[in-house]
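# A look at the structure
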Amino acid sequence: MTESFPRLHARTRRFTLGVPRNFTISPDGGRVTFLRTRSGTDPVTCLWELDVASGAERLVVDPLALGAADEDLPPEERARRERSRESAGGVVAYATDREVRQAVFALSGDLYLAGLASGEVRRLPAAGPVIDPRLDPTGARVAYVTGGALHVLDIATEADTLLGEPESDLVTYGLAEFIAAEEMERMRGYWWSPSGDRLLVARVDESPVPLWHIADPANPGRQPVPQRYPAAGTANAEVTLHVIGLDGARTAVPFEQEYLVTAAWDAHGLAIVTLSRDQRTMRLLSADPDTGETTLLREDTDPAWVDIVTGVPTRLSDGTLVWVADADGGHRLVVGDEPVTPPSLQVRAVLDVDGDTVLFQASGEPTEIHLWTYSAGIVSAVTTEPGVHSGRRAGGVTLVARQSLDTEGMTVTVGSASINSLAERPGLEPRVSLVRAGSRDLSTAILLPSWHVPGSGPLPVLMDPYGGPHAQRVLSARRMFLESQWWAEQGFAVIVADGRGTPGRGPAFEREMLHDFTISLQDQVDALQGAAALHPDDLDLSRVAIRGWSFGGYLAALAVLRRPDVFHAAVAGAPVTDWRLYDTCYTERYLGHPDEGHYERSSLLGDAEKGDTAKGDTEKGDAAKLERPLLLIHGLADDNVVAAHTLRLSSALLAAGRAHTVLPLSGVTHMTPQEVVAENLLLLQLDFLKKSLDLS
């Protein structure tokens, strides 16, 4: 019997297993190192290498051959994977030397070195369970973190040197703090110098951060897990920077602003990027590694917030700065002091600088992401076929990874060679139309069942959004709509809409989210009405459900609380219900500090209280109350959106006498990677919505 989609969807980790990723091109362009599992259902990630000239792939590291069938991860590594949304196992990260001749990685807390040419893999001695090992550029040494301490191991002699020893249990050296990893995409806490003789190291002191406890009520014999969680308006971890030599000599690199965004250390010097607590001012500083003295290179400001862009700062071969900044209504690539891309091309990330050629991602049409290069004053398109593209570039060779609506999975090409994707076939083909819907021309996907004949009769509607800022669901890639199409096959017309705040349409569109998350609900209603106008005979607006996870869960609960005239049932997974309980960096970016008074309007708790109506909110009607079926789902081990969000909303609803359903998930985090749980969650949601909408 063919495996059901929910089971396959869960087993394949949403069809991500078997997909090649984490590419590194050798400086001569002749080899590509990458990660991939052996099949679309194998969760153990291996390290591979491609010979570009011949197109031959070679397995470099198989964790099973090293006896690591069952991973035993240190708590810091489990937290790192949760922050990076890593659902696979095995070699999930690696680092190479400058020439890409060697790679280091951690496996079950052990430290390994792989010779990429010889294929030899050996275990190196370490002082404890290893986190984030990185080779110095010369390949002579490897740094790693264990127990919050930064060590450097000489590969030839295996001599281990402790460079950063924590002064207390709340101090770490060389690790990214929660906020950096969760909200700023900085997963590292140290950087090697180009010559490999010293490191820039982040010291993190979490003692100012409030202490929370993540308990498992299903197992009362287990101790609650303590966690320092920087909720909105409270203290962040204190992060300081130090240049530490191999002899232990230490030089402080002071900076004034609250957040360390990133750092870069190349042949042209050491640079750091910092951000103010209100995120309206970002500074790029050069730093003298000998004295720690910093010099301001540029300062970007914005009355709402300054965006963090992946891949910058970086430099051309002559030291010219490459940056991304907002100018004239667009996210633009800046080389030196001049924007070099038009405002209509929204730059999303800088991927590589190869000599004097900059490879970057950008969007003209928001549903597509293309590769572009800048070189010698000329901006050129690398990809033109519709789809979502990423890539790397080195040695004059460009790797292109493409997803699209007309192809299944991902295709990866490097010159005339290709890297195979081993992902499972999902067994269904998204029947999706990408349109601009509603009065705001919102990017919207409409999916109908494969068996439905347009105009043959109205279908119940399922809104399937994320809807939050800086995240996008409506992209020209099949993988974005596999789960939505499964819902369509169950008899729904499914609508996925990207509202204001989502990327690809420029700074002004994104900043309309400022101080009010509820505009995301207005946009879902607008998209629904726009889709119905395009398909008047196919959408039954008297039976509209909405489901979502995380911000999407917040949006789903908000929908039935404030617009029961439009939405008739909701499934809210891991919803943020009180924004004072969510983290500093994300929440304050959009709503400001809690003392500024912008949180009440966006909170769900007031909606649950009997007879409470938010002032000035005309869309809530005369009485704020829950009239529609609502299923709340939450993992009790979630350390990102903690279960208190759902429990507080449920308590308020109960106190007001409003019926609702709560599904607690014991031992489940924000990602819900467990196969059985992930499968049954889909089936339980389907059953709930069918009963709620009275569907046979």
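As shown above, the structure is provided for reference.
Since the model is a prediction, treat every value here as computed from it, not as a measurement.

So, on to the overall build of the protein. Looking only at helices and strands, the protein has 11 helices and 44 strands in total. For a compact globule of 696 residues, the expected C-alpha radius of gyration is about 26 Å, and the protein comes in at 25 Å, within 12% of that figure. Overall size of the protein, expressed as C-alpha extent along the three principal axes, is 70 × 55 × 55 Å. Every one of the 696 residues in the protein was classed for burial, and the buried ones make up 58%. The long-range fraction of contacts in the protein, counting pairs at least 24 apart against all pairs at least 6 apart in sequence, stands at 59%. Accessible area for the protein stands at about 26600 Å²; split by element, carbon and sulfur atoms hold 49% of it. Put simply, the protein has 63 plus and 95 minus side-chain charges, and the middle of one group is 4 Å from the middle of the other.

Moving on, we get to the sheet that holds strand E39 (residues 459-463). With mixed pairing, the eight strands of this open sheet are ordered in space as E37-E38-E40-E39-E41-E42-E43-E44. Where the open sheet ends on each side, the last strands, each with one partner, are strand E37 (432-437) and strand E44 (661-665). Mean inter-strand twist for the sheet, computed between neighbouring axes without regard to direction, equals 20°. Bridge analysis of E39 against strand E40 (residues 493-498) gives three bridges, and the strand direction is parallel. Considered in E40, the bridge of Met-463 is made with Ile-495. Of the strands in this sheet, E37, strand E38 (442-447), E39, E40 and strand E41 (539-549) are in contact with helix H6 (residues 519-534), which crosses E38 at around 55°. Seen against the sheet, helix H10 (residues 644-655) touches strand E43 (630-635) and E44 and runs at an angle of roughly 150° to E43.

Trp-323, Leu-333, Phe-360, Phe-517, Phe-567, Trp-579 and Leu-630 are the most contacted members of the largest nonpolar core, which totals 88 residues. The element best represented in this core is helix H7 (residues 551-562), accounting for nine residues. The contact partners of Leu-333, leaving out residues within four places of it in the chain, are Val-322, Trp-323, Val-324, Glu-338, Pro-339, Val-340, Thr-341, Val-347, Val-350, Val-358, Phe-360 and Tyr-374.

Moving on: the sheet that holds strand E8 (residues 110-115). Ordered by their spatial adjacency, four strands build an open sheet running E6-E7-E8-E9, and the pairing between neighbours is antiparallel. Strands with a single pairing partner mark the edges of an open sheet, and in this sheet they are strand E6 (95-96) and strand E9 (121-124). Examined bridge by bridge, E6 and strand E7 (residues 102-107) share two bridges and lie antiparallel to one another. Across the sheet, residue Ala-95 finds its bridge partner in E7, namely Val-104.

This paragraph deals with the pairing of strand E2 (residues 31-37). The element E2 is extensively covered by neighbouring structure, given that seven of its seven residues are classed as buried. Alignment of strand E1 (residues 21-25) against E2, held across three bridges, turns out to be antiparallel. Within E2, the position partnered with Ile-25 by the bridge is Val-32. Both E2 and strand E3 (residues 44-51) contribute to a ladder of seven bridges, which runs antiparallel. By the bridge assignment, Arg-36 is partnered in E3 with Cys-46. The hairpin formed by E2 and E3 contains six residues between the paired strands.

Right, let's talk about unusual backbone geometry for a bit. Omega for the peptide link from Val-312 to Pro-313 comes to 10°, which places this bond in the cis form. Structurally, Pro-313 can be placed in the loop between strand E24 (294-301) and strand E25 (314-315). Even without being glycine, Ser-108 reaches a positive phi, approximately 55°. Taking the relative accessible area as the measure of exposure, Ser-108 reaches 18% and is therefore buried. With a phi angle near 65°, Gln-279 is a residue other than glycine that sits in the positive phi range. Note on Gln-279: relative accessible area 0%, which makes it buried.

The subject of this paragraph is the packing of aromatic side chains. For the coordinates displayed, the defined rule picks out 23 aromatic pairs. Each ring, one from Phe-34 and one from Trp-48, has its centre 6.4 Å from the other, and the planes form 10°; the classification is stacked. Taken together, the positions of Phe-34 in strand E2 and Trp-48 in strand E3 put the pair 14 residues apart, joining distant regions of the chain. One exposure class covers both Phe-34 and Trp-48, and it is buried. Ring geometry for Trp-579 versus Tyr-586: centroids 6.2 Å apart, planes at 15°, classification stacked. The exposure class of Tyr-586 is buried, given its relative accessible area of 8%. An aromatic cluster is defined as three or more aromatic residues linked by ring pairs; in this entry it consists of Trp-305, Tyr-466, Phe-517, Phe-551, Tyr-554, Trp-579, Tyr-582, Tyr-586 and Tyr-590. Looking at Arg-36, its charged tip hangs above the ring of Trp-48, at a distance of 4.3 Å from the centre. Against the face of Phe-509 rests Arg-505, its NZ or CZ located 4.3 Å from the ring centre.

Evaluation of the coordinates by the stated rule reveals 49 salt bridges. Here Glu-675 makes a salt bridge to Arg-7, at a shortest N to O gap of 3.6 Å. Separated by 668 residues along the polypeptide, Glu-675 in helix H11 (residues 675-692) and Arg-7 in helix H1 (residues 5-11) bring together distant segments of the chain. Arg-7 sits in the partly exposed class, given a relative accessible area of 23%. The partner of Glu-177 in a salt bridge is Arg-186, and the shortest N-O contact between them spans 3.0 Å. We classify Glu-177 as buried; its relative accessible area is 7%. Residue class for Arg-186 comes out buried when judged on its relative accessible area of 3%. Linked through salt bridges whose partners overlap, the residues forming this network are Arg-14, Asp-464, Arg-473, Glu-483 and Arg-547.

The subject of this paragraph is the packing of H6 against H7. Each packed pair of helices is defined by two parameters, the angle between the axes and the distance between the axes. Two elements in contact, H6 and H7, have axes separated by 10 Å at closest approach and are oriented at 75°. When the axes of H6 and H7 are compared, the pair comes out roughly perpendicular. For the pair H6 and H7, contact is made by Ser-520, Leu-521 and Gln-524 and by Phe-551, Leu-555, Leu-558, Ala-559 and Arg-562, respectively.

Before going further, it helps to examine H10. With 12 residues, H10 should cover 16 Å at 1.5 Å per step; its first-to-last C-alpha distance of 16 Å lies within 8% of that length. Among the residues of H10, those classed as buried are His-645, Thr-646, Leu-649, Ser-650, Ala-652 and Leu-653. Buried residues in H10, looked at end-on, bunch into an arc of 165°, giving them a common side. Facing away from the buried side of H10 by over 90 degrees, the exposed positions are Leu-647, Leu-654 and Ala-655.

Reading the values: the criteria
Residues numbered from 1 in each chain as written. Predicted model: local features only at pLDDT ≥ 70, side-chain atom pairs only at ≥ 80, totals over all residues. Heavy atoms only, no water. Helix = DSSP H or I, 4+ residues; strand = E, 2+ residues; numbered from the N terminus. Rg over C-alpha atoms; globule rule 2.2 N^0.38 Å. Buried < 20%, exposed > 50% of the residue type's maximum accessible area, 1.4 Å probe, protein only. Contact = heavy atoms within 4.5 Å. Areas by Shrake-Rupley, 256 points an atom, 1.4 Å probe, with all protein chains shown as cover. Lys, Arg positive; Asp, Glu negative; His and termini not counted. Charge placed at Lys NZ, Arg CZ, Asp CG, Glu CD. Pairing = 2+ DSSP bridges. Axes fitted to C-alpha atoms, helices over the stretch in contact; angles between N-to-C directions. Core = buried A, V, L, I, M, F, W, Y, C linked by side-chain atoms within 4.5 Å. Phe/Tyr/Trp six-rings, centres within 6.5 Å; stacked < 30°, edge-to-face > 60°. Lys NZ or Arg CZ within 6 Å of the ring centre and 35° of its normal. Salt bridge = Lys/Arg side-chain N within 4 Å of Asp/Glu carboxyl O. Parallel < 35°, antiparallel > 145°, perpendicular 65-115°, else oblique. Expected span 1.5 Å × (residues − 1). Arc of directions from axis to C-beta.

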